[in-house]
Amino acid sequence: MTALDPDDLSGDERTAVEHLLYRLADDELVLAERYTEWQVTAPTLESDLALANIAQDELGHARLWYDLLQDLGYSESELIYERDPGEFRHATLAEVPFEEGDWADAVVRGYLYDVAENCRLEALENSAHPRIANRVSKVRGEEEYHREHARNWLERLAGDEDGRRRLQTALDRLFPHALTLFEPTDETVEDDIVGMGIRRRGLDDLREEWLATVEPFLESVGLRLPMDPDDPADRLPDAVGRDRSHTDDWFDLHDEMTHTYRELGRTETTRIMDKPTDE
Amino acid sequence: MIWEVFRQEKTGEYHTHCGNVHAPDREMAKMFAQIQHGRRKPTNSLWVVPQEEVGEVDTEEARFGGTTDKSYRWAMTYQGVDADFAEEVAESQQEQEAAERQRGDD
Amino acid sequence: MDVDEVNERAGPREFGPHDDLPREYREAATRMIQFHANSEIMGAYLEKPFIRQAPSLDRKLALSAKVQDEIGHGQLLYRAAESLGVKTRDEMLTELAEGEGKFLNCFHYEMDEWWETPMIAFFVDGAAMRRQATLKRTSWEPYAHAMDKICFEEGFHVKHGEDIMKELATGSKKEREKLQEAFDEWWPRIIQFFGPTDDQSTHHDFAADVGLKTMTNDDLRNAFIDAYVPKAKKYGLEIPDEPRIRERDDGTYEVVEDDLDWSEFFAIAKNDYDPGKEQIGGRRRAQEAVEWVREALDDHETRTRGREPQAAD
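Residues numbered from 1 in each chain as written. Chains lettered and ligands numbered in written order. Predicted model: local features only at pLDDT ≥ 70, side-chain atom pairs only at ≥ 80, totals over all residues. Heavy atoms only, no water.

(A) Expanded view of the overall build of chain B. When helices and strands are tallied, chain B shows two helices and three strands. Each helix (α) and strand (β) of chain B, taken in turn from the N terminus, gives the series β-β-α-β-α. Relative to the 2.2 N^0.38 estimate, which gives 13 Å for 106 residues, the radius of gyration of chain B is 20 Å and therefore markedly larger than a compact globule would have. Burial analysis of chain B (106 residues in total) assigns 35% to the buried set. Long-range pairs, those at least 24 residues apart, make up 42% of the contacts in chain B with a sequence separation of at least 6. (Helix = DSSP H or I, 4+ residues; strand = E, 2+ residues; numbered from the N terminus. Rg over C-alpha atoms; globule rule 2.2 N^0.38 Å. Buried < 20%, exposed > 50% of the residue type's maximum accessible area, 1.4 Å probe, protein only. Contact = heavy atoms within 4.5 Å.)

Written out as structure tokens, the structure reads:
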């Protein structure tokens, strides 16, 4: 395996690495941002604490991936606060808003995302870009809890007729957005990501593995996928995120996130913690 | 059956695990625990809990406190401001420092 | 145990769930701890929008962790209150949603912008922490145990609050001005945190006699002013002219009470203040919206008697 030296990336290599990092970082940031909407409003105090922690985990992961982009010359301001929201690469699954009280959405979304996250992190463990590979284990160390959390909630809510109905409604709505997780940012760049070994497996491959996990589990709790698994691309939503097309909700969300930064005329972001290290 | 025993040394302190006893029911567990775990060590109160009712999660399966940097949760991280201006803030920080040291020892 | 015996035995961490305590003690302790727990929840509501509006990723993480801690404190405190056997947590949370639960004056106000966050995160939390430190010696043992963990965590909140304040105070002219505006607006409310001077406080005597409270409002206010006024000055904040605060010869402070709006304060104390009512309404909507989840969990618990789903089959 050839290691890509981050200081010495060719133009195409650099583009491929950047696209991959934007996929990872933007997904984690935006989903975490949505998760924090549940802080103070989750069903119970205990579930509030747990979801807040998951949100912080995901933000921490976003921080790790954005940090690698910072090493490629971008500042946090450029990556988040001053970036045109129309340039973000996250899947639309991360950005669609929660309806008030729709905990079924939080649970289903978390499950669909966390399983996909596990598949893609596995495929990054032996990335040709060593600094990506190095950070995977830290991230995976926290993802196990997320998947177990989602599965446990699904099992318990699905045991209740009203709960199962709400989960199914959430699944019907979210599933097309979940498929966007496996869309390319750009066909040519995606070929490079796999061809250069930055990610060892292609998106179709990851999607199949994901489906092979989520379908039987969801069926086992009495939920059905709202699509023909043999033709998943058929069910993509209008905006797929990866190609920078987004729902209006994302633009509103970015506007809120950057409100203080703009209002105070900031040009830099405050660091509290040390820069992440490579181990 | 086996009963886990928790001892509190003085009023107001915490009940901490100190051992267990074999006993056929709660009453007998309390009888035995008094003697086995309370006869010499200072004891203000004992709890007995059926062992099978105790759920456990340990470091085999859990990453307590996470695997990424969460220093934003700790008072020590904010080095640009002091904790000593108020006794209770300083004390909180000392307790956090102690907890972090213990975590680091694992 | 009757009230006389409680008065006699009252001391730090003296009473616990195993003690046969009179109704007066249980109700006074419930009222005090429920107020404290409610305040944690309603304070978290005020700060929540700033998780999203935080101007950096690290600040966002810290705010999220802080709001998480406050909900955690609510969890600890409702348990400490519940263990008195007067009300269940569900009942207390329902009272809060329905506008019957009381909470701290400062959390009835709106907080709209980032530069206001240190007012809660530094000053109000600092004031609360001062009070909480004294409650480690309260007579209701579960309350004292909750304080152990709460005080352990709070140091982060106050330091992070000061860190935000320092950043604003050393930032652009606009940031410094906004910070001063926020301080002018919040300062009287912060002073009122400690309530009116002790002779007007209704529940004080009994709570002090039975060891629930270990320090008077006046003493707490003095300690707070001693530590926090120099901090405000250090960051270039001008202390508003009102309320007038006079230092006495013995080093304690007199706050001129006529300079403060007590009719507003007592309206707030009755949950009869419009912005506070908005906040309570928000809490009610949020709580009702997830009622179905709690019902599903309760059904699940009944079905499985608290064991995993497989065990029920």
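Following the structure, the description resumes.
(B) Molecular detail of the overall build of chain A. Broken down by element type, chain A carries eleven helices and zero strands. Its helices and strands taken in sequence order, chain A reads α-α-α-α-α-α-α-α-α-α-α from the N to the C terminus. When its C-alpha atoms are laid out on the principal axes, chain A stretches across 55 × 45 × 35 Å. Put simply, chain A has 279 residues, and 63% of those count as buried. Considering only intrachain contacts with a sequence separation of at least 6, the fraction spanning at least 24 residues in chain A is 81%. Summing over all exposed atoms, chain A offers an accessible surface of approximately 10200 Å²; the carbon and sulfur share of this is 42%. Between the centroid of the 31 positive side chains of chain A and the centroid of its 68 negative side chains there is a distance of 2 Å. (Areas by Shrake-Rupley, 256 points an atom, 1.4 Å probe, with all protein chains shown as cover. Lys, Arg positive; Asp, Glu negative; His and termini not counted. Charge placed at Lys NZ, Arg CZ, Asp CG, Glu CD.)

(C) Molecular detail of a negative patch on the surface. Residues and elements named next belong to chain C. A contiguous patch of negative charge, built from Asp90, Glu91, Glu295, Asp298, Asp299 and Glu301, is present on the exposed surface. Looking at the negative patch, the elements with two or more residues in it are helix 5 (89-97) and helix 13 (291-304). The biggest single contributor to the negative patch is helix 13, with four residues. Among the secondary structure elements, Glu301 is positioned in helix 13. (Patch = residues over 30% accessible without salt bridge, like charges linked within 9 Å, V, L, I, M, F, W, Y side chains within 5 Å. Salt bridge = Lys/Arg side-chain N within 4 Å of Asp/Glu carboxyl O.)

(D) Seen up close, the state of the cysteines. All names here are of chain C. Using the criterion set out here, one finds zero disulfides over all chains in the structure. This cysteine, Cys106, is not joined by any disulfide, and Cys151 carries the nearest cysteine sulfur, 18 Å off. When its relative accessible area of 5% is taken as the criterion, Cys151 is described as buried. (Disulfide = S-S within 2.5 Å.)

(E) Highlighting the pattern of salt bridges. All names here are of chain A. According to the stated counting rule, one finds 63 salt bridges over all chains in the structure shown. Residues Asp71 and Arg131 are paired through a salt bridge, measuring 2.8 Å at the closest nitrogen-oxygen approach. Of this pair, Asp71 sits in helix 2 (residues 45-71) while Arg131 sits in helix 6 (residues 130-158); the two residues are 60 residues apart in sequence, bridging distant segments of the chain. Overall, Asp71 belongs to the partly exposed group, its relative accessible area being 35%.

(F) Local environment of the interface of chain B and chain A. The interface is formed by eleven residues belonging to chain B together with twelve residues belonging to chain A. Roughly 960 Å² of surface becomes buried between chain B and chain A when both sides are summed, with 51% attributable to carbon and sulfur atoms. Looking at the side of chain B facing chain A, the largest losses of area belong to B:Thr67, B:Thr68 and B:Tyr72, adding up to 44% of the total buried there. For the interface between chain B and chain A, the tally reads two salt bridges. The residue B:Lys70 makes a salt bridge to A:Asp57 at a minimum N-O spacing of 2.8 Å. Here chain B is connected to chain A by eight residue pairs in polar contact (both at pLDDT 80 or more). In terms of residue class, the side of chain B that touches chain A is built from two nonpolar, five polar and four charged. (Buried area = accessible area lost by both parts, 1.4 Å probe. Polar contact = N/O pair within 3.5 Å; in protein donor to acceptor, adjacent residues only side chain to side chain. Nonpolar A, V, L, I, M, F, W, Y, C, P; charged D, E, K, R; others polar.)

(G) Representation of the packing of aromatic side chains in the model. Residue and element names in this part refer to chain C. Using the criterion set out here, one finds 28 aromatic pairs over all chains in the structure. Between Tyr25 and Trp140 the ring centres are 6.3 Å apart and the planes differ by 55°, which places this aromatic pair in the tilted class. Taken as a pair, Tyr25 in helix 2 (residues 23-47) and Trp140 in the loop between helix 6 (117-135) and helix 7 (141-169) lie far apart in primary sequence, 115 residues in all. Note on accessibility: Tyr25 and Trp140 belong to one class, buried. Between Phe194 and Phe224, the aromatic rings sit 5.5 Å apart at their centres with planes inclined by 50°, giving tilted as the arrangement. Here Phe194, found in the loop between helix 8 (173-192) and helix 9 (204-209), pairs with Phe224, found in helix 10 (residues 217-234); they are 30 residues apart in sequence, far enough to count as distant. Geometry around Tyr109 places Arg189 over its ring, the cationic atom sitting 3.7 Å from the centre. Directly above the aromatic system of Trp186 lies the positively charged group of Arg189, at a separation of 4.6 Å from the ring centroid. (Phe/Tyr/Trp six-rings, centres within 6.5 Å; stacked < 30°, edge-to-face > 60°. Lys NZ or Arg CZ within 6 Å of the ring centre and 35° of its normal.)

(H) How the structure looks around the side chain of A:Asp105. Counting through the fold element by element, A:Asp105 comes out in helix 5 (residues 103-122). Residues in contact with A:Asp105, not counting those within four places in the same chain, are A:Pro97, A:Phe98, A:Gly110, A:Ala170, A:Arg173 and A:Leu174.

(I) Spotlight on the interface of chain A and chain C. Counting residues at the interface gives 52 residues for chain A, matched by 50 residues for chain C. Taken over both partners, the interface formed by chain A and chain C buries close to 4700 Å², and the fraction arising from carbon and sulfur atoms is 59%. Sorting the residues of chain A by area buried against chain C places A:Val40, A:Leu45 and A:Arg156 first, and these three jointly supply 16% of that buried surface. Our count for the chain A to chain C interface comes out at eight salt bridges. For C:Arg52, the salt bridge identified is with A:Glu33, shortest N-O distance 2.9 Å. Here the side of chain A that touches chain C takes eleven residues from helix 2 of chain A, the largest share from any one element.

(J) Quick look at the pairing of strand 1 (residues 2-8) of chain B. Residues and elements named next belong to chain B. Across the seven residues of strand 1, five count as buried, placing the element largely inside the fold. Where strand 1 lies against strand 2 (residues 16-22), six bridges are found, and the strand directions are antiparallel. When the bridges of strand 2 are listed, Arg7 appears paired with Thr16. Of the strand pairs in this sheet, strand 1 and strand 3 (residues 45-50) are connected by six bridges, and their pairing is antiparallel. Across the sheet, residue Trp3 finds its bridge partner in strand 3, namely Pro50. (Pairing = 2+ DSSP bridges.)

(K) Seen up close, the sheet that holds strand 3 of chain B. Residue and element names in this part refer to chain B. Reading across the sheet, the three strands line up as 2-1-3 and stay open at both edges, with antiparallel pairing between neighbours. Single-partner strands in this sheet number two, and they are strand 2 and strand 3. Adjacent strand axes in the sheet meet at a mean angle of 30°, parallel and antiparallel pairs treated alike. Most of the contacts of helix 1 (residues 26-38) go to strand 2, to which it runs at about 115°, and overall it touches strand 1, strand 2 and strand 3. (Axes fitted to C-alpha atoms, helices over the stretch in contact; angles between N-to-C directions.)

(L) Examining the nonpolar core more closely. Counting 191 residues, the largest nonpolar core has A:Trp103 and A:Trp210 as its most contacted members. In this structure A:Trp103 touches A:Trp38, A:Ala42, A:Pro43, A:Ser47, A:Leu51, A:Trp153, A:Leu157, C:Trp292 and C:Val293, once residues within four positions along its chain are discounted. Among the nonpolar cores identified, the runner-up in size contains seven residues, and B:Trp3, B:Val5, B:Ala29 and B:Ala33 belong to it. (Core = buried A, V, L, I, M, F, W, Y, C linked by side-chain atoms within 4.5 Å.)

(M) Geometry of helix 8 (residues 187-195) of chain A. Residue and element names in this part refer to chain A. Inspection of helix 8 places Val189, Glu190 and Ile193 among the buried residues, and these make up the whole buried set. Seen from one end, helix 8 has its buried residues packed into an arc of 100°, which puts them on one side. Relative to its buried face, helix 8 has exposed residues pointing more than 90 degrees away, namely Glu187, Thr188, Asp191 and Gly195. Its buried side turned inward, helix 8 meets helix 1 (11-35) and helix 9 (203-220). Measuring from the backbone nitrogen of Thr188 back to the side-chain oxygen at the start of helix 8 gives 3.0 Å, which picks out Asp186 as the cap. Gly197 occupies a position one or two residues after helix 8 and carries a positive phi of about 75°. (Arc of directions from axis to C-beta.)

(N) Main features of the domain arrangement of chain B. The domains assigned to chain B are domain 1 (2-53) and domain 2 (71-105). Computed from C-alpha coordinates alone, the two centres of domain 1 of chain B and domain 2 of chain B are separated by 35 Å. (Domains from an automatic or database assignment.)

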